[in-house]
Amino acid sequence: MSDTPFPRDSLLPVPEGTAGALLDGRGRISGWTSDARALLGRPAADVVGLSARALLADPTAWPALVTAYARGARGGEAVLRTGAGEHAHVVFRAFDLADVGTHDGMAGVGTGAGCLVLAAPAALAVRWHQDRAFVRELFLQDRVGLAVFDSGLRLLRTNTHLLPYTGVPSDLRGRRLSEFLWPGDAAAIEEKLREVLRTGRPLIRAEKVLRTIEDPGGGVVIAISAFRLQAPDGQALGVTALFTDVTELHRAGQRLTLLQHATASVGGSLSVRETGRELATALVPGLGDLAVVEIAEAVTLGEEPVPDREGRLRLRRTAVAGRPAAEDGDVAADVGLVVVEGDGDGAPGPDSSGGYPMTMTAALRARGMVLGRVSVSRSADRGPYERADEDLLREIAGRAALALDNARRFTRERRAAVGLQRSMLPPTQTETAAAVTSGVYLPADTTTGVGGDWFDVIPLSSARVALVVGDVVGHGLAATATMGRLRTAVRTLADLDLEPDELLTHLDDLVSQLLAEPEETDSEEQRERESGEQNGYRRDGDHDDGWHIGHPSSPTGATCAYAIYDPVSLRCTVASAGHPPPAVADPDGNVTYLEVDPGPPLGVGGLPFEMTEVDLAPGSVLALYSDGLIEGGDGDLDTGMADLAGRLARPGALTQSLRELGREIVAGRHRPGDGHGERLGDGLGDDVTLLLARTRAVPPEDAVLWPIDADPAAVGTVREAAATQLRAWGLEELVFTTELVLSELVTNAIRYAGGPIDVRLIRVAGRLICEVSDPSATHPRMRRARLTDEGGRGLYLVAQLATRWGSRYSRSGKTIWAEQDFPPPAG
């Protein structure tokens, strides 16, 4: 026999690396394989014809081997000598080829054909035994399903645990997966196995849903791993696949994912209703086909829910996600009041199952209070709910209840802050001789509370009116309180009849003082705040697991626009402290923005404010607003200003009521809520304030002006002219008092200020206004004269005769004015 290998495609293949030698009946080598040559490093030409004894490293061991063979032993271990003189420890086995006899010291060896000896290195033989044991145990174990497929993906061999499910035949040999698995599931697995056969790349834990044809149901989740079987020459023989049931692990992962998703969903809003909607949405379809959330009415109003004497709580259906089982099923979002007994767990409320047979309910309980409950339902083909599903729903309900309670507490504080702020604002509709106004204020939908925007309409002397819009930096109660202080300060300063730039200067000083005030750090409010933070009531900007409600940092400044309109001169004077410029729409529909120097925000200090004067035609609409009206999500103010101008210039805009126009302008910036200021996050990121004023004019015939010289003789001339004018206006009853008032004011101006002097009478809105202007900046002071004093009674007399009086300063001097009401009509 030459150096030829054994055929590897025989029915009983010889393991790779097995050396073979053919011994004749005399124990001499008559055949030698290539593996034998590789094992001992000796070619066939060197060994054929030699006695097998010559191959032993210790020839003296030959008799023992012969004796053992004669006694029936056909295998064992031996140490051979290689062609290099080294030792090779091998395991061998002999196979008889003919009748045996005795020859040349080999007992039992006859003259027949002899035997075939197969040998392999001892280490390789140990590995063969381990491989056989491993494969045997793989098919005997029942923890992992094992299957061997041929190249056509027909099952050749499986263990008993392959797929122990309803609808899987007991004998799978020769079958394809599509014969007992759902067609789509079988096709998906076979596609993966073909890829392994084609490429040789193993498949590692690919998860697939398996459903049998007989019992489709919900199926099971199987993790499949596979590797290719191939012959030594590389030919693909089939594929081996391992099937592991990971259904419970998969469900546990799904539950954890659902818990995380639901927690994140309900934790992103401070609206009670929005939190309920997010909770219902998060549960479908992960935990059911239908989810119903019912919340106590008191919670939506920011109050604590209080059960009645019997321990019952009235709930209102707040959110529904999914759809009922039947086409005509009805699970409306608003079905009226539902009465719940006990803690809220147990049976679902009326119509909350939606016709589904599988339903479970959990209470929304936080801080010892039941806030509501949540129910989930699903169809029978998804199987009944398990204990783990109930635990998951309770866990989600507990976390959602904390979010609901935070939203409830925020709603309570927000309602209080909005109420406080609205109580500090003037009426939204006013009407004066100078203008008709309408204001709109919308609080911000932010987690930090309402802001510090405000508007005001302040009647001034001589029929003028002041228009104010301001914006305190920040949100919350602190911003609201600061807004109230600034609004009061503006009205106080406006009562002094200051010019806009001077008023803003004083207001800037006030804000600087407010910023310099030390904050209380050991107050009851601070202790309450710290207590609230310990209870999870603070929400920091970079975290989603806490809450911050109601106590933001103190405001750091404010902006303000202050305008004065005079209906006699038709002049509007405006100054700004870091505020957007007012818009003006003239009666022809042309819209412009006043070129106002914005100036520094209030609280900066040390910088001047500039005034802008412009003449307004009667019927013009002046719009003052906060930046929340024009600021978009990207902070672009130009787009917002263009939108405002476009709405003011719309045909017909100036003819409709200011109330309707104001609502139309802000309509695009606010989504209507539910009547309680809810829908947070759907609306505004900043407060929106808009003040519209339609200007009026005092007719020229209702105002007269007389310039006079600083001559005492002019007093009599003024009295005569005034009397004549009053009679022409039909105000004869005011002639006497008006002559006295003008005599005193003009005399004082001539005596203490000098010329030039202007005297003006204005008839407007049931009042007669007398003005005397002079170049002096001396402040008039009323005092009580003594009996022996010859003077000092002029202003006292004016105060007694006039309804009210005062003085104001301008760049050219001062003006003293006095008002008298028209006498009531006769009869």
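Scroll up for the structure.
Just so it is clear, the model here is predicted, and its values are computed rather than measured. Per chain, the residues get numbers from 1 upward, laid out in the order the sequence is written. Only residues with pLDDT of at least 70 are given local features in this predicted model, and only at 80 or more are side-chain atom pairs given and counted; all residues enter the totals for whole chains, interfaces and linings. Values shown for side chains rest on all heavy atoms present in the structure; no hydrogens or waters enter the calculation.

**A look at helix α14 (residues 637-648)**
Count 3.6 residues to each turn of an α-helix, and residues three or four apart come out pointing the same way.
In step 1: Secondary structure follows DSSP: runs of H or I at least 4 residues long count as helices, runs of E at least 2 residues long count as strands, and numbering of each begins at the N terminus. Multiplying 1.5 Å by the residue count of a helix minus one yields the expected span of that helix. Between its terminal C-alpha atoms α14 stretches 17 Å, which fits the 16 Å expected from twelve residues at 1.5 Å a residue.
In step 2: Among the residues of α14, those classed as buried are G640, M641, L644, A645 and L648. Along the long axis of α14, the arc covered by the buried residues comes to 140°, so they all point the same way. Opposite the packed face of α14, turned more than 90 degrees from it, sit the exposed residues D638, T639 and A642.
In step 3: Residue contacts are counted whenever heavy atoms from the two residues lie within 4.5 Å of one another. If you follow the buried residues of α14, they end up packed against β22 (583-585), β23 (591-593), β25 (621-625), α13 (627-630) and α15 (658-667). Any residue under 20% of the maximum accessible area for its type is buried, any over 50% is exposed, and the rest in between are partly exposed; the area is computed with a 1.4 Å probe on protein chains only. It is the directions from the helix axis to the C-beta atoms whose arc is reported.

**A short note on the pattern of salt bridges**
In step 1: When a carboxyl oxygen of Asp or Glu lies within 4 Å of a side-chain nitrogen of Lys or Arg, that pair is called a salt bridge. Applying the stated criterion across every chain, the model contains 40 salt bridges.
In step 2: In this structure, D389 and R255 form a salt bridge, with 3.0 Å as the shortest nitrogen-oxygen distance. Linking D389 in helix α9 (residues 387-424) with R255 in helix α6 (residues 247-266), this pair joins segments that are 134 residues apart in sequence.
In step 3: A salt bridge links D405 to R408; the shortest N-O distance between them is 2.9 Å. One end of the pair, D405, and the other, R408, are both in helix α9, three residues apart, so they sit about a helical turn from each other.
In step 4: Under the relative-accessibility criterion, R408 is labelled buried at 3%.
In step 5: Among the ionic contacts, a cluster of salt bridges with common partners joins E248, R251, R255, R378, E386 and D389.

**Regarding the nonpolar core**
In step 1: Each nonpolar core is a collection of buried residues, namely Ala, Val, Leu, Ile, Met, Phe, Trp, Tyr and Cys, held together in the definition by side-chain atoms within 4.5 Å. Membership of the largest hydrophobic core comes to 50 residues, with the highest contact counts inside it found for W454, L467, L504, L507 and Y562.
In step 2: Leaving out residues up to four positions away in the same chain, W454 has contacts with L425, V468, V469, G470, D471, V472, M483, L486, R487, V490, C560 and T689.
In step 3: Within the second largest apolar cluster, 37 residues are counted, among which are L259, A262, A282 and M360.

**Details of the packing of aromatic side chains**
In step 1: Two aromatic rings from Phe, Tyr or Trp, using only the six-membered ring of Trp, form a pair when their centres are within 6.5 Å; if the ring planes differ by under 30 degrees the pair is stacked, by over 60 it is edge-to-face, and anything between is tilted. Within this structure, the stated rule accounts for zero aromatic pairs.
In step 2: In this structure, R74 is placed above the aromatic ring of Y69, and the distance from its NZ or CZ to the ring centre is 3.9 Å.
In step 3: Whether a charge sits over a ring comes down to the Lys NZ or Arg CZ being within 6 Å of the ring centre and within 35 degrees of the ring normal. Between R378 and the ring centre of Y385, over which it is positioned, the NZ or CZ distance is 4.0 Å.

**Some remarks on the packing of helix α10 (residues 477-494) against helix α11 (residues 500-516)**
In step 1: Orientation is described by lines fitted to C-alpha atoms, with helices fitted over the stretch in contact, and by angles between N-to-C directions that extend from 0 to 180 degrees. For the pair α10 and α11, the least separation of the axes is 10 Å and the interaxial angle reads 145°. Note that α10 runs across α11; the crossing there is right-handed. Across from T482, R485, L486, A489, V490, L493 and A494 in α10, the residues of α11 making contact are L503, H506, L507, L510, V511 and L514.
In step 2: In the scheme used here, Gly and all other residues not listed as nonpolar or charged are polar, with Ala, Val, Leu, Ile, Met, Phe, Trp, Tyr, Cys and Pro taken as nonpolar and Asp, Glu, Lys and Arg as charged. In terms of residue class, the contact of α10 with α11 is made up of ten nonpolar, two polar and one charged. What makes a crossing left-handed is the near helix being turned counterclockwise from the far one by less than a right angle; a clockwise turn instead makes it right-handed.

Structural measurements only, silent on function.
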